Amino acid sequence: MWLFLAFVGVPLIEIALFIQVGGAIGLWPTLAVVILTAMLGTFLVRNQGALAMGNLQRSFSELNDPTEPLAHGAMILIAGALLLTPGFFTDAMGFALLMPPVRKSVFNYLRKRVQVQSFSMGGVHTQNTTHPRDDGVIEGEFVEVDPSKRPTHQPSGWTKH
């Protein structure tokens, strides 16, 4: 139901805002504002995305939990989509998601509602202490790969061998 309301409500809000702003400042200034916000949004998304990517790489290199940098990257991606969508309401939502304190608040809100059972990276395995597993055993199979084996096909030029 919430998704249906969003698909109906957001366009209605955008149409109402276009009518109000267009009536106040005119057609061409309204269109100019929409185009300028898309250009400014693209610039800001690129900068914030580069920072988020750096934070994600740092969390991987330090073997930290990458949940927060991944969430910030996803919110920056959503902000970019909102800023490229013509409209004042979507631009306001997109610019809000580009602000780190807003993203942090959204992340904290979502973190309270999403339960992560476990997280592992490399040889380190951490488990959520609020709901520990009974036996702690993970069963699996593996196949050892011979590193001296060479591919039998010729490199395509698209890949590095």
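Going by the structure above, here's the rest.
Right, let's walk through the structure included here. Keep in mind that this is a model prediction, so the values were computed, not measured.

1. Section: the overall build of the protein chain
A count of helices and strands for the protein chain gives 5 helices and 2 strands. Secondary structure elements in the protein chain, listed N-terminal to C-terminal, are α-α-α-α-α-β-β. Counting across all 161 residues of the protein chain, residues that qualify as buried make up 19%. A separation of at least 24 residues holds for 55% of the contacts in the protein chain among residues at least 6 apart in sequence.

2. Quick look at the pattern of salt bridges
Between side chains of opposite charge, a pair can form when the charged atoms approach closely. Taken as a whole, this structure holds 1 salt bridge when the rule is applied. The salt bridge partner of glutamate 68 is lysine 104, with a shortest N-O separation of 2.8 Å. Pair noted here: glutamate 68 is in helix α3 (residues 67-84) and lysine 104 is in helix α5 (residues 100-113), with a separation of 36 residues, a long-range link. Looking at lysine 104, the relative accessible area reads 37%, which means it is partly exposed.

3. Details of unusual backbone geometry
Unlike most non-glycine residues, leucine 63 shows phi in positive territory, near 55°. Considering the arrangement of structural elements, one finds leucine 63 in the loop between α2 (27-61) and α3. Given a relative accessible area of 48%, leucine 63 falls into the partly exposed group.

4. Notes on the environment of threonine 90
With respect to the helices, strands and loops of the structure, threonine 90 is situated in helix α4 (residues 88-98). With a relative accessible area of 6%, threonine 90 lands in the buried category. When the C-alpha positions of threonine 90 and glutamate 14 are compared, they lie 7.9 Å apart, and in sequence the two are 76 residues distant. When residues no more than four places from it in sequence are discounted, the contact partners of threonine 90 are Val10, Glu14, Leu82 and Thr85.

5. Re the packing of α2 against α3
It is the contact of α2 with α3, at a shortest axis distance of 9 Å, that shows an interaxial angle of 170°. In terms of orientation, α2 lies roughly antiparallel with respect to α3. On the side of α2, the interface is formed by Ala38, Gly41, Thr42, Val45, Gln48, Gly49, Ala52, Asn55, Leu56 and Ser59, while α3 contributes Pro69, Leu70, Gly73, Ile76, Ala79, Gly80, Leu83 and Leu84. Split by residue class, the contact of α2 with α3 holds 10 nonpolar, 8 polar and no charged.

6. Notes on the nonpolar core
Counting residues in hydrophobic clusters, the biggest one holds 10 residues: Val45, Ala52, Ala71, Met75, Ile76, Ala79, Leu83, Leu97, Leu98 and Phe107. Contributing elements (two or more residues each) for this core: α2, α3 and α4. Ranked by the residues each element gives to this core, the list is headed by α3, at 5 residues. When neighbours within four sequence positions are excluded, isoleucine 76 is seen to be in contact with Val45, Gln48, Gly49, Ala52, Leu98 and Arg103.

Calculation criteria
- Residues numbered from 1 in each chain as written.
- Predicted model: local features only at pLDDT ≥ 70, side-chain atom pairs only at ≥ 80, totals over all residues.
- Heavy atoms only, no water.
- Helix = DSSP H or I, 4+ residues; strand = E, 2+ residues; numbered from the N terminus.
- Buried < 20%, exposed > 50% of the residue type's maximum accessible area, 1.4 Å probe, protein only.
- Contact = heavy atoms within 4.5 Å.
- Salt bridge = Lys/Arg side-chain N within 4 Å of Asp/Glu carboxyl O.
- Axes fitted to C-alpha atoms, helices over the stretch in contact; angles between N-to-C directions.
- Parallel < 35°, antiparallel > 145°, perpendicular 65-115°, else oblique.
- Nonpolar A, V, L, I, M, F, W, Y, C, P; charged D, E, K, R; others polar.
- Core = buried A, V, L, I, M, F, W, Y, C linked by side-chain atoms within 4.5 Å.

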